[in-house]
Amino acid sequence: MTRVVRTREALRAVLDTGRRPVGLVPTMGWLHDGHRALMARARAESATTVVTIFVNPRQFGDPADLARYPRNEDRDLDICEAEGVELVFMPSVEEVYPPGFDTTVSLGAIARPLEGAARPGHFEGVATVVAILFNLIRAERAYFGQKDAQQVAVIRRMSIDLAIPTEVIACPTVREPDGLAMSSRNVHLAPNERAAAPVLRRALLSAREAWSAGERSGDVLRDRMLAELAEEPLAAVEYVSVADAGTLEELDQVAGPALLSLAVEFGTTRLIDNELLGTG
Ligand code: AMP
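Below: a short report on this structure. (Residues numbered from 1 in each chain as written. Predicted model: local features only at pLDDT ≥ 70, side-chain atom pairs only at ≥ 80, totals over all residues. Heavy atoms only, no water.)

1. Description of the packing of aromatic side chains
- Enumeration over the complete set of coordinates arrives at four aromatic pairs.
- Note on F54 and Y97: the rings are 6.2 Å apart at their centroids and 55 degrees apart in plane angle, and the pair reads as tilted. Of this pair, F54 sits in the loop between β3 (48-53) and α3 (63-67) while Y97 sits in the loop between α5 (93-96) and α6 (115-118), placing them 43 residues apart in sequence. Of the two residues, F54 and Y97, both sit in the buried class.
- Ring geometry for F60 versus Y69: centroids 5.6 Å apart, planes at 75 degrees, classification edge-to-face. Exposure class is identical for F60 and Y69. Each is buried.
- Of the aromatic side chains, those joined through ring pairs into one cluster are F54, Y97 and F101.
- Above the plane of the ring of Y97 lies R58, whose end atom (NZ or CZ) is 4.5 Å from the centre.
- Sitting over the ring of W30, R75 keeps its end group 5.1 Å from the ring centre. (Phe/Tyr/Trp six-rings, centres within 6.5 Å; stacked < 30°, edge-to-face > 60°. Helix = DSSP H or I, 4+ residues; strand = E, 2+ residues; numbered from the N terminus. Buried < 20%, exposed > 50% of the residue type's maximum accessible area, 1.4 Å probe, protein only. Lys NZ or Arg CZ within 6 Å of the ring centre and 35° of its normal.)

The structure is reproduced here in structure tokens:
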């Protein structure tokens with residue numbers, strides 16, 4: 001049976017008597033197979049799996065984006081139950097940010113490019129809520145999706161720098177059969193946009209193919225992605241990137257592990273995806 005708690009106090013009471021190790025899967029709900037893969041991994045490695053479902057207002061720049069973020073508690077709880085999750089923490093905004101709340105995590109260089117540049121304040125909001133969740137749950141391990149590659153890097157950096165003992169584990173991106181990375185935001189795609197969206201994956205794979213054939217120029221690899229995306233009239237490109245996998249700085253030449261990433265809008269829906277090169 002999955003237990004559902006909504007307050008810090010109830011959460012602590014359950015965790016104090018629960019079995020360790022604890023595996024944490026933080027989510028914003030509208031759960032899909034990507035989330036389920038994180039839960040399955042957590043469950044395989046933990047005695048108690050905790051899923052948090054919280055649409056974090058602090059990580060949304062645009063109020064309209066927050067307002068239309070999809071939610072369905074009952075469906076999410078059924079999925080947690082099916083995955084054998086022991087505990088779900090579903091707090092209100094006030095429970096996470098009580099009156100008087102006045103502290104945020106300030107991030108360094110890793111949070112500046114890519115999503116950090118495109119969405120000012122986004123990662124500070126993410127890091128702040130994740131720090132709160134890490135401190136409330138005190139899990140041995142926390143599981144994040146590689147789909148949000150920069151998010152994993154930011155959280156890993158924060159945990160190391162702030163001496164948070166929870167180990168950050170990155171899990172592979174789960175995709176639809178046509179290659180589109182699963183995302184709660186996919187529900188907003190109109191049918192023609194949904195049909196066009198696999199172009200993200202094709203663009204990444206086209207650059208990977210060039211890299212596999214020996215291409216090492218950052219510009220050539222970025223152009224490969226842009227050329228593929230240009231084939232799709234519904235795709236409005238926000239950025240394409242070939243960056244150092246560790247620092248996320250843009251590369252002139254790929255000499256070591258690199259992260260290919262992109263952000264593309266289809267109408268009002270913004271999608272991201274990425275591909276790691278040269279990491280074994
Ligand atoms: P979200 O609910 O979108 O905040 O995502 C919660 C967690 O699930 C984050 O660590 C995401 O990176 C991860 N996640 C989202 N989509 C996928 C996916 N398609 N494959 C793997 N992990 C994912």
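2. What about the packing of helix α10 (residues 199-212) against helix α11 (residues 218-230)?
- Following both chains from N to C, one finds α10 and α11 inclined at 145 degrees, their axes separated by 8 Å at the closest point. In this structure, α10 crosses over α11, and the sense of that crossing is right-handed. Across the interface between the two elements, V199, L200, R202, A203, L204, S206, A207, E209, A210 and W211 from α10 touch L221, R224, M225, E228 and L229 from α11.
- Partitioned by chemical class, the residues of the contact of α10 with α11 number ten nonpolar, one polar and four charged. (Axes fitted to C-alpha atoms, helices over the stretch in contact; angles between N-to-C directions. Left-handed = near helix turned anticlockwise from the far one by under 90°. Contact = heavy atoms within 4.5 Å. Nonpolar A, V, L, I, M, F, W, Y, C, P; charged D, E, K, R; others polar.)

3. Observations concerning the sheet that holds strand β8 (residues 258-266)
- Ordered by their spatial adjacency, three strands build an open sheet running β7-β8-β9, and the pairing between neighbours is antiparallel. If you trace the sheet from one side to the other, it starts and ends with β7 (235-244) and β9 (269-277), each paired once. The mean angle between the axes of side-by-side strands here comes to 15 degrees, regardless of whether they run parallel or antiparallel.
- Summarising the sheet, β8 and β9 pair through nine bridges and their orientation is antiparallel. Following the sheet pairing, L262 is matched in β9 by D273.
- Packed onto the sheet, α10 meets β7, β8 and β9 and runs at close to 20 degrees relative to β9. (Pairing = 2+ DSSP bridges.)

4. As for the pairing of β9
- For β9, the buried fraction is high: eight of the nine residues fall into the buried class.
- Hairpin connection of β8 to β9: two residues between the antiparallel strands, including G267 at a positive phi of 60 degrees.

5. Here we look at the environment of L259
- Here L259 shows up in strand β8.
- As a C-alpha pair, L259 and C80 span 179 residues in sequence and 31 Å in three-dimensional space.
- Excluding its chain neighbours within four sequence positions, the residues that come into contact with L259 are Q146, A149, S241, V242, A243, A245, L248, N274, E275 and L276.

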